[in-house]
Every structure is written in C-alpha cells, then in structure tokens.
Amino acid sequence: MADQTHVLFVEDDDVIREATQLALERNGFAVTAMPDGLSGLDAFRSRRPDIALLDVMVPGLDGVSLCRRIRDESTVPVIMLSARADSIDVVLGLEAGADDYVTKPFDGAVLVARIRAVLRRFGHANADRAEAPASDDTGGVLTFGDLEVDTVGMEVRRAGRPVALTPTEMRLLLEFSSAPGTVFSRDKLLERVWDYGWGGDTRVVDVHVQRLRTKIGQDRIETVRGFGYKLKA
C-alpha cells in the first residue's frame, strides 16, 4: 500500500530476519528484508525506505559502515540492532549517524514501539518546519555567537556557512535553543528529543551531543557535571 511506512531491514540471521519481518508486517509496515550490507545498500538506493533497521554484524558491508553510507546520502532515520548492550558497537553505530539502537534479543512489541517513536520524532520535525510561526523581529532566527539557528526554515549556519544536521541533531539543538543557559538532564532530553516514555540508555544522548558539538563548536554546549548539558547563550 502506498501509505504504508516502508522499513528496510538488514539482518543475516534467517530466523530473526523472517520472524521480525512478519512481526513488522503484522503491525502495518511494508518491509524490504536483506541478508547482507551490500544488498541492503542497493535496496536503500533503489527503494528509498522511510526508515532503516540495521544489524551491526552483517556480512559484506557491516551495519556501521552501511549506516555511514546511508547517512552520506540521506537523513532517513536509522535504528541499529546490537547483540550486546555493553558493546562498543552501540557507540560506533550512534557515531556513524544512527538515531537509536535496540539490543538483541528484543521483544517484537518493543521494536515496533521504538520504530514508531523514531517516526514520530521525524514527523514532528517536519510539522515544526511547516507550522512554526516566524518572529516579527528575527524571522525565527536565533543567534548564539557565530551560530544561527533558523527555527522556521530548520537551517543552521556557523560563521555564515551552512551546517548539515540530521533531524535528531536538529531536534536536540532546537531543544537547547528553546532555553539557552538552562541545564537539561539526560533523562529530560531522552523524553523531549527521543520521545521516550520509558527509561532509555543515556549513551544515545551523550553521543548525539558530541556529534552536535563537532558541527556547531565544541564549546557551544557545556557539560554540567552531575546534571546534564546546556547551550551557552
């Protein structure tokens, strides 16, 4: 169906791939399932899914490398699957541009909830872009030193040059920009940016803050030890 959300799912384990595909399809998703990274990249380019679900350890082109390739071409949301919660693969996946991760083995209902949470965030980002009112004085542009944040056009410039942010990074920056100088706890950012109605792994926040710092300036977002992060006004 044309109005179905299209999921690209890359997983080399036949049992997991088939069972997960069936679970997603039962929940109304259209699924393209691929057994390795190279076929996954081809499917991404030819079918342009709405979201990509990538296992870290797949043959040909591993999930982290595939995420980087996708991120070079698109801001489509990406969720990584990792077999170990404490694995360095989790951080590597997030640093490669993934928006979230799920640890295997996972419950099908949890996976569906996480996919829908990511899609809601991206939907909200698009809605914000379409509906945000312009300020009479600034046209919706907030300025912090050499950083300019256009809250209407959803564009960011640093020293006059455009800064490319993923939708998740943009939502994170908008959250900070809404109250410069205010400290946001990691849990609050998980709730406001990642749309978590439950506890989540704060590494997701830490890695995205670090990625954002590399793009807008390392000293622009300050760490407040024991509390969280704040945007310097």
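Remember, it's a predicted structure, so these values are computed and weren't measured experimentally. (Residues numbered from 1 in each chain as written. Predicted model: local features only at pLDDT ≥ 70, side-chain atom pairs only at ≥ 80, totals over all residues. Heavy atoms only, no water.)

K.L.:
What's the story with the confidence of the model for the chain in this structure? I'm lost.
P.N.:
Interpretation of this model should avoid reading the predicted coordinates in detail wherever pLDDT is low. Confidence in the prediction for the chain averages 87 pLDDT; 89% of positions are at 70 or higher. In this model residues 125-137 is a low-confidence stretch, pLDDT under 50, and it forms 15 contacts with partners more than four residues away in sequence or in other chains. (pLDDT = per-residue confidence, 0-100. Contact = heavy atoms within 4.5 Å.)

K.L.:
Help me out: how do you make sense of the sheet that holds strand 6 (residues 141-144) in this one?
P.N.:
Sheet strands pair via backbone hydrogen bonds, and the direction of the pair is either parallel or antiparallel. Here 4 strands make up an open sheet; going across it, the order is 6-7-8-9 and the pairing antiparallel. Whereas interior strands pair on both sides, the edge strands pair on one side only; in this sheet they are strand 6 and strand 9 (161-163). Taken over all neighbouring pairs, the strand axes of this sheet differ in orientation by 25° on average, direction set aside. (Pairing = 2+ DSSP bridges. Helix = DSSP H or I, 4+ residues; strand = E, 2+ residues; numbered from the N terminus. Axes fitted to C-alpha atoms, helices over the stretch in contact; angles between N-to-C directions.)

K.L.:
Would you mind showing me how to read the pairing of strand 7 (residues 147-150) here?
P.N.:
Direction of pairing for strand 6 relative to strand 7: antiparallel, over a ladder of 4 bridges. Note on strand 7: the bridge partner recorded for Phe 144 is Leu 147. What sits between the antiparallel neighbours strand 6 and strand 7 is a turn of 2 residues, in which Gly 145 has the positive phi angle 60°. A loop of 4 residues connects strand 7 with strand 8 (residues 155-158), the two strands running antiparallel in sequence, and Met 154 in this loop sits at a positive phi of about 55°.

K.L.:
Just to check I follow, could you spell out unusual backbone geometry for this structure?
P.N.:
Backbone phi values are negative for most residues with the exception of glycine, while trans is the configuration of most peptide bonds. In this structure, Pro 105 follows Lys 104 across a cis peptide bond, with omega equal to -5°. Looking at the secondary structure, you find Pro 105 in the loop between strand 5 (100-103) and helix 5 (108-131). One non-glycine residue, Arg 48, lies in positive phi territory at about 45°. Relative to the elements of secondary structure, Arg 48 occurs in the loop between helix 2 (37-47) and strand 3 (51-55). Take Arg 48: its relative accessible area is 46%, and that puts it in the partly exposed class. The backbone of Met 154 sits at a positive phi, close to 55°, despite the residue not being glycine. As for its position among the elements, Met 154 is in the loop between strand 7 and strand 8. Here Met 154 falls in the buried class, since its relative accessible area comes to 17%. (Buried < 20%, exposed > 50% of the residue type's maximum accessible area, 1.4 Å probe, protein only.)

K.L.:
Please explain the sheet that holds strand 5 as it appears in this structure.
P.N.:
What the 5 strands build is an open sheet, ordered 2-1-3-4-5; its pairing is parallel. Lying at the two open borders of the sheet, with one neighbouring strand each, are strand 2 (30-34) and strand 5. Averaged over all neighbouring strand pairs, the angle between strand axes comes to 20°, with direction disregarded. Where strand 4 (residues 78-82) and strand 5 come together, 4 bridges link them in parallel fashion. Following the sheet pairing, Ser 82 is matched in strand 5 by Thr 103.

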